[in-house]
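Residues per chain, in single letters:
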Amino acid sequence: MALRGVWQLQKLVVNYCDWGGSSRGIRAFMEAHLPAFKENNPQLEVVTELVRGQHPNLKGIYRKIIMSEWSASEIYRQRRYYCKPLG
């Protein structure tokens, strides 16, 4: 999602296991859909990490927001934004 023309999600990290059954879906996604996803989202850095013996997960790294001049109500509003399903 872009806020005022700036993409908030900067990096997506995909952790998976190359032999575990719980990673079967993420491996299929990486094979079938990840190349097109990377191509359609050039503003996003997508990294895959092989982590043996662990369940798969996705980690999103968002743009840092500097809040040094913000009031308490502005910080509260921003926190509510990030806690929403689409934030």
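Rules used throughout
- Residues numbered from 1 in each chain as written.
- Predicted model: local features only at pLDDT ≥ 70, side-chain atom pairs only at ≥ 80, totals over all residues.
- Heavy atoms only, no water.
- Pairing = 2+ DSSP bridges.
- Helix = DSSP H or I, 4+ residues; strand = E, 2+ residues; numbered from the N terminus.
- Axes fitted to C-alpha atoms, helices over the stretch in contact; angles between N-to-C directions.
- Contact = heavy atoms within 4.5 Å.
- Buried < 20%, exposed > 50% of the residue type's maximum accessible area, 1.4 Å probe, protein only.

(A) Focus on the sheet that holds strand β5 (residues 57-62). Reading across the sheet, the 3 strands line up as β4-β3-β5 and stay open at both edges, with mixed pairing between neighbours. Of all strands in the sheet, those bounded by a partner on one side alone are β4 (45-50) and β5. Direction aside, neighbouring strands of the sheet carry axes that sit 20 degrees apart on average. For strand β3 (residues 9-16) and β4, the ladder comprises 6 bridges, and the chain directions are parallel. Considered in β4, the bridge of N15 is made with E49. Against the sheet, helix α1 (residues 24-32) engages β3, β4 and β5, with an angle of about 125 degrees to β3.

(B) Looking closely at the environment of Q8. Looking at where Q8 falls in the secondary structure, it is placed in the loop between β2 (6-7) and β3. Assessed through its relative accessible area of 5%, Q8 is described here as buried. In this structure, the C-alpha to C-alpha distance between Q8 and R63, residues 55 residues apart in sequence, is 5.2 Å.

(C) How the structure looks around the side chain of N15. Position of N15 relative to the elements: it lies in strand β3. Setting aside residues up to four positions removed in sequence, N15 forms contacts with E49, V51, P56 and N57.

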